[in-house]
Amino acid sequence: MTISINLKRIIDDSYPLHIGPLPEINFEGKVAILTNPKVAGLHLQTLLASLKAKEVYIITIPDGEQYKTLATIESVLDRMFDHRLNRKSLLIAFGGGVIGDMGGFSASLYNRGIDFIQIPTTLLSQVDASVGGKTGVNNRFGKNLIGAFHQPRAVYIDPSFLHTLPSREFGAGVAEIVKMAVTFNAPFFEWLEENDLRDGDNLQYAIAKAVETKAGVVEEDEKEQGLRAALNYGHTFGHVIENETKYETYLHGESVAIGIVMANELACEVGLMSRAEAERVKALLGRYGLPLTYPISDVERFYQTFFLDKKSADSAITFILPRGIGAVEITDTIEEGTVKKVLATFKGIGA
Ligand code: NAD
């Protein structure tokens, strides 16, 4: 006998992405704010001044990607139980992408899922990590391999938090902005060439454009069945660089910048991008102090490390290659020899 369980449903997970000064946040129930000591020291008072809730608890976890683990999630959940949060409570993730990914994941797990709000405080998290509901942690097999899709109820993106951001972290965020422009929006790329993001108004405009681009992609393909993978442009190469340098040499966005340069070289090699276009992208990244090359010491080893990427799990490597500026192609048919030829051009080139 077969009994069917009919769970067809229509879910509306729409939410606002508010860009501008942090608005007043009113909440009737209990609120837990997840943050780290650095962000709390710099900006918690600003958040608390805007927050009106029945009870507010602060949960801090150590700062750093190395703490993005299940062990940390367990400690966050313990604190949420200590504070007797319930199904109607709210979690606010207040920090960079590490806090956002872990706050969202904790919210997805607590009582089988409670609401959460993202208040991102790095450029990278404002333009990318806070949008789209990917949450999770790393383990010894790799980055972001454990997690859940759990959309926030709202994202509050206040560029004024970025005043305290170190310049390397700023550059890392710019790399993700450039990524969105090259893959999806040629006019935005041209605008980026003409305008300096160190100017406040320009920055706010660029954040809005990048967020709009990401939101459009997520609307089309929330669970990364196709188009959303295009946002990994630069990441296929970048992950190998992070792996080889043990996450110590480059910030994530910096390895993405080098990865973008490498992906462009491959795109030039297979005729998808012109050399002039590749140089324009390089020049734009270079303006924000981003690294543009990486000395590959062993081409074969670099190539084999591609296979650790979860998008290349089944033997063929998936490359996200720009088609000129403003369009993108997801392909797993690039010949091994072609890839290695391009990698060899980076052999021994100083960073
Ligand atoms: P991060 O969260 O580690 O923040 C970088 C550093 O800046 C930290 O030391 C942090 O404490 C500090 N910081 C945060 N706000 C600050 C401020 N206003 N002033 C001064 N310092 C501040 O790193 P990140 O670059 O924001 O995010 C990287 C993480 O995001 C990675 O774990 C990555 O996997 C994840 N990510 C997730 C998605 C997604 O879709 N979920 C997308 C991209 C990246």
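Refer to the structure presented above.
(A) Region of the structure containing the site of the ligand. The local shell around the ligand holds 26 residues, among which Asp63, Glu65, Thr121, Thr122 and Thr164 are the closest. Measuring from a nitrogen atom of the ligand, one finds a side-chain N or O atom of aspartate 101 at 3.0 Å. A distance of 2.8 Å is found between a nitrogen atom of the ligand and a backbone nitrogen or oxygen belonging to phenylalanine 161. When isolated, the ligand has an accessible area of 870 Å², and the protein chains bury 90% of it. Of all elements in the fold, only helix H1 (37-50), helix H3 (97-109), helix H4 (123-129) and strand S7 (142-149) reach the threshold of two or more residues within the shell around the ligand. For the shell around the ligand, a count of residues per class yields 8 nonpolar, 8 polar and 10 charged.

(B) Region of the structure containing the packing of aromatic side chains. Under the criterion given, the structure shown has 12 aromatic pairs. Seen from their ring centres, phenylalanine 81 and tyrosine 110 are 4.5 Å apart, and the 45° between their planes marks the pair as tilted. Of this pair, phenylalanine 81 sits in helix H2 (residues 70-82) while tyrosine 110 is found in the loop between H3 and strand S5 (115-120), placing the two residues 29 residues apart along the sequence. Note on phenylalanine 81: relative accessible area 43%, which makes it partly exposed. An aromatic cluster of at least three residues, connected via ring pairs, comprises Phe237, Tyr250, Tyr294, Phe302, Tyr303, Phe306, Phe307 and Phe319. When the ring centre of tyrosine 303 is taken as origin, the NZ or CZ atom of lysine 340, which lies over that ring, is 4.9 Å away.

The rules we used
- Residues numbered from 1 in each chain as written.
- Predicted model: local features only at pLDDT ≥ 70, side-chain atom pairs only at ≥ 80, totals over all residues.
- Heavy atoms only, no water.
- Near = heavy atom within 4 Å.
- Polar contact = N/O pair within 3.5 Å; in protein donor to acceptor, adjacent residues only side chain to side chain.
- Areas by Shrake-Rupley, 256 points an atom, 1.4 Å probe, with all protein chains shown as cover.
- Helix = DSSP H or I, 4+ residues; strand = E, 2+ residues; numbered from the N terminus.
- Nonpolar A, V, L, I, M, F, W, Y, C, P; charged D, E, K, R; others polar.
- Phe/Tyr/Trp six-rings, centres within 6.5 Å; stacked < 30°, edge-to-face > 60°.
- Buried < 20%, exposed > 50% of the residue type's maximum accessible area, 1.4 Å probe, protein only.
- Lys NZ or Arg CZ within 6 Å of the ring centre and 35° of its normal.

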